[in-house]
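Here is how the chains run, residue by residue.
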Amino acid sequence: SAVALSILGPTILAAFTGGHDAGWTFAMLLSIGLGAALFGSQSLSLQGLQLEEKNSRAIWIYLVGAAINLLVNFALVPFSPLLGAALATLAAYSVVALSLEKTARRVFGGAFKMATIARVLVASSVMAVAISPFANHGRTGVGLAVPVGVLVYAAAAIVLGVLRVDDLRALRDAFWRNR
């Protein structure tokens, strides 16, 4: 999850590289994690539009995203090169992902159910609260945060109806079948 990356990332960087700049690390890692999630959502919406042969709409959306990326880069990079570039990418990905999903909703009903996305965000937030105490405890903290995060997220996702117990059983069976 993007939130977990931004919480544990500074500790991981410090543990494996000898240090980090706390002034930008959290925001940069959060923007990278969110950017990855947005890129994935773009892909799903784009695939649906391609199957419906609505490629020209997608091309215009990506051109607008590229323009936004350039504008935000020109505005922020002179002040903070790494963080500015990360935030520019996040801004462009946000516009593209939301625009593709809006277009996909008009064309074929959309790739996502917003209520499910909201429940996933709540489960991620619960996990973030659970792993936050481990953030500044080096490799040991990261080593503890990962299993705690997995268990807390899974429990919250089950309670919120994002995951069903049957889904977890299927994952377990698939894992052990391939061993």
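I will try to describe carefully the structure that is included in this document. Per chain, the residues get numbers from 1 upward, laid out in the order the sequence is written. The model is predicted, so local features are restricted to residues of pLDDT at least 70 and side-chain atom pairs to those at 80 or more, both for listing and for counting; the totals for chains, interfaces and linings are taken over all residues. Side-chain metrics rest on all non-hydrogen atoms present in the structure, leaving aside hydrogens and water.

1. Quick look at the overall build of the protein chain
Then comes step 1: Runs of H or I in DSSP of at least four residues are treated as helices and runs of E of at least two as strands, each being numbered from the N terminus. Across its full length, the protein chain carries seven helices and zero strands.
Then comes step 2: Counted from the first residue to the last, the protein chain has its helices and strands arranged as α-α-α-α-α-α-α.
Then comes step 3: Taken over 179 residues, the protein chain has a buried fraction of 29%.
Then comes step 4: Carbon and sulfur atoms make up 70% of the accessible area of the protein chain, which totals about 10800 Å². Whether a residue is buried, partly exposed or exposed follows from its accessible area with a 1.4 Å probe, protein chains only, as a fraction of its type maximum: under 20%, in between, or over 50%, in that order. Per-residue accessibility takes into account occlusion by the displayed protein chains alone, with areas from the Shrake-Rupley method and a 1.4 Å probe.

2. Remarks on the nonpolar core
Then comes step 1: Residue types Ala, Val, Leu, Ile, Met, Phe, Trp, Tyr and Cys, when buried and joined through side-chain atoms within 4.5 Å, form a set referred to as a nonpolar core. A4, I7, L8, M127, A128, I131, A135 and A145 form the largest nonpolar core, which has eight residues in total.
Then comes step 2: Residues L46, A58, I61 and V96 belong to the second largest nonpolar core, which totals seven residues.

3. Side note on the environment of A58
Then comes step 1: Tracing the backbone through its elements, the reader meets A58 in helix α3 (residues 55-76).
Then comes step 2: When the C-alpha atoms of A58 and L46 are compared, they prove to be 7.0 Å apart, with 12 residues separating the residues in sequence.
Then comes step 3: Residues are treated as being in contact if the distance between any of their heavy atoms lies within 4.5 Å. Not counting the four nearest positions on each side in its chain, A58 is found in contact with L46 and L100.

4. What about the pattern of salt bridges?
Oppositely charged side chains can form a pair if their charged atoms are brought close together.
Then comes step 1: By definition here, a salt bridge exists when the distance from a side-chain nitrogen of Lys or Arg to a carboxyl oxygen of Asp or Glu is within 4 Å. All chains considered together, the criterion is met by four salt bridges.
Then comes step 2: Here E101 and R105 are joined by a salt bridge, their closest N and O atoms 3.6 Å apart. Of this pair, E101 and R105 both sit in helix α4 (residues 81-108), four residues apart, which is roughly one turn of the helix.
Then comes step 3: Residue classification places R105 among the partly exposed residues on the basis of a relative accessible area of 35%.

None of this, on its own, says anything about what the molecule does.
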